[in-house]
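Structural overview for review
Now for the letters of each chain:
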Amino acid sequence: MGKLVLIDGHSILNRAFYGVPELTNSEGLHTNAVYGFLNIMFKILEEEKPDHLAVAFDLKEQTFRHKMFADYKGTRKPMPQELHEQVPLMKEVLTAMGVPILTMAGYEADDILGTIAKRCQAEGEEVSVVSGDRDLLQLADTHIKIRIPKTSRGTTEIHDYYPEDVKREYQVTPTEFIDVKALMGDTSDNIPGVPSIGEKTATNLIVAYGSIENAYAHLEEVKPPRAKKALEEHYDMAVMSKELAQICITCPIPFAYEDAKIENLYTPEAYQYMKRLEFKSILARFDVQDMGGNSVEEHFWSVEDLSGAEQIFEKAKGAKQVGCQLILAENQVAGLTVCIGEEEIYTIPAAGFLTGNYLCDHLEELIAKRDPALEPVAVLDLKSQLPYLNLDYGSAVVDMGVAGYLLNPLKDTYEYDDLARDYLGMTVPSKTDLLGKQSLAKALEEELPEAVTCGCYMAYVACKAAGVLKERLEKEGMLKLYREMEMPLIYSLYHMEQAGVRVDKEQLKLYGEQLEGKIATLEQEIYELAGEKFNINSPKQLGEILFERMQLPHGKKTKTGYSTAADVLEKLAPEYPVVQKILEYRQLTKLNSTYAQGLAGFIREDGRIHGKFNQTITATGRISSTEPNLQNIPVRMELGRAIRKVFVPEDGYVFVDADYSQIELRILAHMSGDERLINAYRDAQDIHAITASEVFHTPLAEVTPLQRRNAKAVNFGIVYGISAFGLSEDLSISRKEALEYINKYFETYPGVKQFLDEQVKLGKEQGYVTTMYGRKRPIPELKSGNFMQRSFGERVAMNSPIQGTAADIMKLAMIAVDRELREKHLRSRIVLQVHDELLVETHRDEAEQVVQILTDRMKHAADLKVSLEVEAHTGDNWLDAK
DNA sequence: ACATTGTAG
DNA sequence: TAGTGCTACAATGTT
């Protein structure tokens, strides 16, 4: 058995026209009705998954109804021009998708639909008839469902009617429905009714008598008298109206069921139409690979001659919107791509006269001399290009990757294909699709045509996305954040990466060797105590040795076996010397492999590590550090923190290390507005002790170390989105006790409780939470039906505004510090950022001044209800500067 | 590619 | 009911 969907073309188009806000493409064509129609159609196709589909349209010609009734004016009010011009367009689009269009002289679309619906039902098919016109309800039948889309509050709902549904809503059967209509008349269809009979009376009459004819036969009984009189006088008119409203189900329409079979709606022709009409969300449904490629690729060019390149730069200079991208190999420029509008996208490989330098100089000039009346040059990843361009804060350039990050920080990548999909509704081949594992620079050198395609897409997407992303940022209230925080930060991070941090290679090597010596000893001792050799680094083997062969009591289990995590082993360590040794071994091997060996591999010729600082990774707005990670250098344990001694300033310089004291808690005080917390943090020396004093109602001087420790844990817990379980784990207390602490805390600081609850509420309502500066963190987990997921979402909702605001403030501070150091031409530079800490390498002579600058800029990066406190220290290595 | 572990704020 | 406090990155072993 098949399933057929029939659509009343004019009716749905009409409904879409009034339901969808005005929409035109760049040619000025009105497209809203076609757009709305397609959306309704796709929605129904997705729901029903029919195997057959056809759309019926009315024709201009007179129908049999005109002959029946001389005054019959036609079926519809005159269409507005804006809708009228969309009818042929709609038909073209449907034809391009291979959907049959049914019309027939002398009949209306209703009649065609009715005829085919009944015919197919008789042949055993399931039929859905989609229309905005309720007159079609008369067609409802056991296997014919009438579907009426209703737009309310922006969303389209589809109401379905089988005969029982009609009965429920109108008290009459589908066949009787026409009689009701005929009695009351239908102004929109110019069907005359019986005067003074309204919907109520008409329904009552038909419910009682089943038809107009039968009611007339029982005229004497008809009530009220008014209706009786009207029916008597206008009976002929009523019958005529009924005939007019009656859908003809026997029109001689040639229709082969097989012709309506849905083969493939997503044809290249249809794709071209969607493109021309600029239906981005619909375009996204198409698989571009099948479309014979994006037609924009027709405008991708490779330019290899000097005069060609000159012309491009000349033209780019005056173009309103330009997209560019330097193509970089290891340490050199392999090419430049430029997009100037829809049809001019160029890849210029660096070769011959077109040297890398030439290309960089021109790109630099294009940006540096950009006419302020034009849009800034759009690029994908500015920081990676800055080494080749002499640009600084405020240049006329925007980074599309960073913009994409602000709009959705949860994504893994912000490459051109991601941006094209998310913001242009285009499916374009990714770099990997085009080049596999090969680098773009390499492919360009080898003159692979795919390299030109890939390069051009980069410039094209940057260019096209610029307007869209700007609009979106504006709409979401993040344009200021983008322009005044994220864009400038690119330069700060670039300067920091360029500066790098000096690491004493010899000392690091020595440190590693010491570790290795101790590791070798420990290793032997462990084998001895365990009674056999095994790979201590393998949690699997270690678990088997400890918990099976040696029969130690095991704690929690992981998916794959016994957990050998530190917190489990620590509980066993006092009783089992081997476990203690394993813990030490773990610590040492960690230090050796990740830090001693790991860092050594990143020291460059200049004796410095130039790690990467990434701006588009974290969900909260923090920056992250890779290759190597310089934000997790040990400090908590004595042995580990010794590594920090190998981080040293260059000769004649010192380190100034400045860190925010309790920035997250201060932000909590500010954002929650809790008076008591604000007062506590005004001028606070020991915040945790004050919290303990207030929560436990103890004079500050009498706060015990335990009380302070508990208060500190609660403080941390609050920032992380506390749970009784988490706190109980942290403090090794019962869940009940933990809950009591939390409740006491909230009693003491009710504003904090209110604030955290509010964040969860906002998160659920909006799907995201925001920082003080408007940065958004989407939290899809809040909508999850899974308790775990949802709880996670709730904690994230509580934590992100705080962590994110701290990140924002640090970013502002960094930018301010970097700018001032540079503007004053100081021999000082930021070398590391560790979330709430800045490490600056400064000439000895400037140390005092730099301490001032750092402290001042960091303290005043934000104006909160509590002061921001900064601790700054000077030292000859990172450890001593802490 | 994924899991486990351990560093940091 | 289960199972939990947030954000990252890297080394190692296992599949």
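Residues numbered from 1 in each chain as written. Chains lettered and ligands numbered in written order. Predicted model: local features only at pLDDT ≥ 70, side-chain atom pairs only at ≥ 80, totals over all residues. Heavy atoms only, no water.

The next subject is the overall build of chain A. A count of helices and strands for chain A gives 37 helices and 22 strands. In terms of overall size, chain A is more extended than a compact globule, its C-alpha atoms giving a radius of gyration of 37 Å where 882 residues would be expected to give roughly 29 Å. With the principal axes as the frame, chain A shows a C-alpha extent of 110 × 75 × 60 Å. Counting over 882 residues, chain A shows a buried share of 54%. The contacts in chain A between residues at least 6 apart in sequence include a share of 66% that link residues at least 24 apart. With an accessible surface of roughly 40,800 Å², chain A has 49% of that area assigned to carbon and sulfur atoms. (Helix = DSSP H or I, 4+ residues; strand = E, 2+ residues; numbered from the N terminus. Rg over C-alpha atoms; globule rule 2.2 N^0.38 Å. Buried < 20%, exposed > 50% of the residue type's maximum accessible area, 1.4 Å probe, protein only. Contact = heavy atoms within 4.5 Å. Areas by Shrake-Rupley, 256 points an atom, 1.4 Å probe, with all protein chains shown as cover.)

Here we take up the pattern of salt bridges. Under the defined criterion, the tally for this structure stands at 49 salt bridges. In this structure, the salt-bridge partner of E344 is K315, at a minimum N-O distance of 2.9 Å. With E344 in the loop between β9 (333-340) and β10 (345-349) and K315 in helix α15 (residues 306-318), this residue pair connects regions lying 29 residues apart in the sequence. Note on E344: relative accessible area 19%, which makes it buried. Residue K315 is classed as partly exposed on the basis of its relative accessible area, which comes to 45%. Salt-bridge contacts for R622 lead to E664; the nearest nitrogen and oxygen are separated by 3.7 Å. One end of the pair, R622, is in the loop between β15 (612-614) and β16 (624-626); the other, E664, is in helix α29 (residues 663-672), and 42 residues separate them in sequence. For R622, a relative accessible area of 26% gives the class partly exposed. Taking the relative accessible area as the measure of exposure, E664 reaches 17% and is therefore buried. (Salt bridge = Lys/Arg side-chain N within 4 Å of Asp/Glu carboxyl O.)

Attention now goes to the side chain of D111. Position of D111 among the secondary structure elements: in helix α6 (residues 109-122). At a separation of 2.8 Å, a polar atom in the side chain of D111 contacts the main-chain amide nitrogen of C248. Residue contacts for D111: discarding those within four places in its chain leaves F64, R65, Q246, I247, C248 and C251. (Polar contact = N/O pair within 3.5 Å; in protein donor to acceptor, adjacent residues only side chain to side chain.)

Now for the packing of aromatic side chains. Pairs of aromatic rings are described using the distance from one ring centre to the other and the angle between the two planes. Across all of its chains, the model carries 15 aromatic pairs by this definition. On the numbers, 5.9 Å between centres and 10 degrees between planes, the contact of F42 with Y266 is stacked. Highlighted residues: F42 in helix α2 (residues 32-48) and Y266 in the loop between α12 (235-245) and α13 (268-277), separated in sequence by 224 residues. Relative accessible area serves as the criterion here: at 2%, F42 is assigned to the buried category. Seen from their ring centres, F647 and W878 are 5.2 Å apart, and the 70 degrees between their planes marks the pair as edge-to-face. Of this pair, F647 sits in the loop between α28 (638-641) and β17 (653-661) while W878 is found in the segment after β22 (869-875), placing the two residues 231 residues apart along the sequence. By the burial criterion, F647 is buried, and W878 matches it. (Phe/Tyr/Trp six-rings, centres within 6.5 Å; stacked < 30°, edge-to-face > 60°.)

To continue, consider the protein's contact with DNA strand C. Not every one of the 35 residues close to DNA strand C is listed here, only the nearest: S538, A619, F725, F787 and R795. N629 is positioned such that a nitrogen or oxygen atom in its side chain is 2.8 Å from a sugar or linking oxygen of DNA strand C. Mapped onto the surface near DNA strand C, the elements with two or more residues apiece are α25 (539-549), α27 (577-600), β16, α32 (705-720), α33 (724-731) and α36 (787-823). Ranked by residue count, the leading element in the surface near DNA strand C is α36, at 7 residues. Considering only residue class, the surface near DNA strand C consists of 9 nonpolar, 18 polar and 8 charged. (Near = heavy atom within 4 Å. Nonpolar A, V, L, I, M, F, W, Y, C, P; charged D, E, K, R; others polar.)

Looking now at the nonpolar core. Ranked by internal contacts, the top residues of the largest apolar core, which has 199 residues, are M400, Y482, F647, Y660, L668 and Y745. In terms of residue count, helix α22 (residues 449-475) provides more of this core than any other element does, 15 residues in total. Sequence-distant contacts of F647, defined by excluding residues within four places in its chain, comprise V501, R502, V503, L599, L630, I633, F655, N877 and W878. One finds A56, A109, A117 and A202 within the second-largest nonpolar core, a separate group that totals 53 residues. (Core = buried A, V, L, I, M, F, W, Y, C linked by side-chain atoms within 4.5 Å.)

Moving on, we get to unusual backbone geometry. Residue P628 follows E627 across a cis peptide bond; omega there is -5 degrees. Structurally, P628 is set in the loop between β16 and α28. Positive phi, normally seen in glycine, also occurs at K49, with a value near 45 degrees. Mapped onto the secondary structure, K49 falls in the loop between α2 and β2 (52-56).

Attention now moves to the protein's contact with DNA strand B. DNA strand B sits among 23 residues. The nearest are T564, N632, V635, R636 and D836. Of all atoms in DNA strand B that approach within 4 Å of the protein, 74% are sugar or phosphate atoms. T558 has a polar side-chain atom sitting 3.0 Å from a phosphate oxygen of DNA strand B. Between DNA strand B and R636, the relevant distance is 2.7 Å, taken from a phosphate oxygen to a main-chain nitrogen or oxygen of the residue. Counted by class, the surface near DNA strand B contains 8 nonpolar, 9 polar and 6 charged residues.

Turning our eyes to something else, we now look at the packing of α22 against helix α23 (residues 479-499). In contact at an axis separation of 6 Å, α22 and α23 are set at 110 degrees when each is read in the N-to-C sense. If you check the angle between α22 and α23, you find them roughly perpendicular. Here K470, L473 and E474 of α22 come into contact with α23, specifically with L479, Y482 and R483. (Axes fitted to C-alpha atoms, helices over the stretch in contact; angles between N-to-C directions. Parallel < 35°, antiparallel > 145°, perpendicular 65-115°, else oblique.)

This next bit is on the sheet that holds β17. Each strand in a sheet pairs with its neighbour through backbone hydrogen bonds, running either in the same direction (parallel) or in the opposite one (antiparallel). Taken in spatial order, the 4 strands make up an open sheet running β20-β21-β17-β22, and their pairing is antiparallel. Edge positions in the sheet fall to β20 (828-833) and β22, since each of these pairs with one other strand and no more. This sheet shows a mean twist of 25 degrees between the axes of neighbouring strands, independent of strand direction. For β17 and β22, the ladder comprises 7 bridges, and the chain directions are antiparallel. Residue pairing across strands places D659 opposite E871, the latter belonging to β22. Sitting on the sheet, α36 is in contact with β17, β20 and β21 (837-843), with an inclination near 160 degrees to β20. (Pairing = 2+ DSSP bridges.)

On to helix α11 (residues 225-233), then. Every buried residue of α11 is listed here: A227, A230 and L231. Down the axis of α11, the smallest arc covering the buried residues is 95 degrees, so these residues share one side. Facing away from the buried side of α11 by over 90 degrees, the exposed positions are P225, K229 and E233. In this structure, the buried residues of α11 make contact with α8 (174-184), α9 (199-209), α10 (212-217) and α12. (Arc of directions from axis to C-beta.)

Before going further, it helps to spend a moment on the domain arrangement of chain A. In terms of domain boundaries, chain A breaks down into domain 1 (3-170 + 248-260) and domain 2 (295-476). The gap between the C-alpha centroids of domain 1 and domain 2 is 46 Å. (Domains from an automatic or database assignment.)

With 6 of 7 residues buried, strand β8 (residues 322-328) lies mostly within the body of the structure. Inspection of the sheet shows β8 paired to β9 by 7 bridges, in the antiparallel sense. Among the inter-strand pairings, Q325 is bridged to a residue of β9, identified as T337. Here β8 folds back onto β9, and the loop between the two strands holds 4 residues.

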